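# A look at the structure
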Amino acid sequence: MRVLTIALVTLLSGLPVFAAETYVRATVDKDGQLRIVTAGGQTIAPKKDVEQVGFGKPQISPDGVAVGWLAEYRKCCTSYPIPMKLMIHSNGSVRTYTGSGLPIWRWGFQAGGAQVAFEQETVHGGLNVHYELHDVATGRLLAEYDPVVGPDKRSLPKQKVPTWVAELDGNQ
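For the structure given in this document, a descriptive report is provided here. What you see is a predicted model, and the numbers here were worked out from it, not measured in a lab.

### Comments concerning the side chain of glutamine 110
Looking at where glutamine 110 falls in the secondary structure, it is placed in strand 8 (residues 104-110). Taking relative accessible area as the criterion, glutamine 110 reaches 4% and is therefore assigned buried.

Rendered as structure tokens:
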């Protein structure tokens, strides 16, 4: 009865009943499968989407409570898979980010792991560059940035960019 009372009080107070998982390793094995290892030694092997062919650039958040990767797909006219989705796994659930629908070439955790930023652009040529910043816990879009472009649709040099964009660009 006492355990039930504690669980009920915890639920009503809005606090989680169980502590968040902590991730210690995220690697793609020789067979192309992503393997995520928790601090407790559990291995998680996320399933691929129907047309997904690979996992790319896995990272663990600095606080260890989230792990992310790029979902790669075969696309017309390329000899290599294209990273079309950013997947963030946290505490047993996965969020999918697709932004503007263009390939996601760069991404990273920010704010100690509380946020995730990514950059998108065309496959060849660096056109239609787009950045997004999201809250990891809620998935909420916090900010987005599209650089000013010239007549050739390429980003103009020496623009003042948001700090989170500069951080993402500087870490890649």
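Next comes the rest of the account.
### What to know about the state of the cysteines
Structurally, a disulfide amounts to a covalent bond that connects the sulfur atoms of two cysteines. Summed over the entire model, instances satisfying the criterion amount to one disulfide. A disulfide bridge connects cysteine 76 with cysteine 77, and the sulfur atoms are separated by 2.4 Å. Residue classification places cysteine 76 among the exposed residues on the basis of a relative accessible area of 63%. Overall, the relative accessible area of 72% leaves cysteine 77 in the exposed class.

### Focus on the sheet that holds strand 11 (residues 141-145)
What the four strands build is an open sheet, ordered 8-9-10-11; its pairing is antiparallel. Sheet topology places strand 8 and strand 11 at the edges, where each strand pairs with a single neighbour. Taking each pair of neighbouring strands and ignoring which way they run, the sheet shows an average axis angle of 15 degrees. The pairing of strand 8 with strand 9 (residues 115-120) spans six bridges and is antiparallel. Looking at strand 9, one finds that glutamine 110 is bridged to glutamine 115. Its contacts with the sheet place helix 2 (residues 163-170) against strand 8, strand 9, strand 10 (130-135) and strand 11, and it is angled at close to 110 degrees to strand 8.

Thresholds applied
Residues numbered from 1 in each chain as written. Predicted model: local features only at pLDDT ≥ 70, side-chain atom pairs only at ≥ 80, totals over all residues. Heavy atoms only, no water. Helix = DSSP H or I, 4+ residues; strand = E, 2+ residues; numbered from the N terminus. Buried < 20%, exposed > 50% of the residue type's maximum accessible area, 1.4 Å probe, protein only. Disulfide = S-S within 2.5 Å. Pairing = 2+ DSSP bridges. Axes fitted to C-alpha atoms, helices over the stretch in contact; angles between N-to-C directions. Contact = heavy atoms within 4.5 Å.

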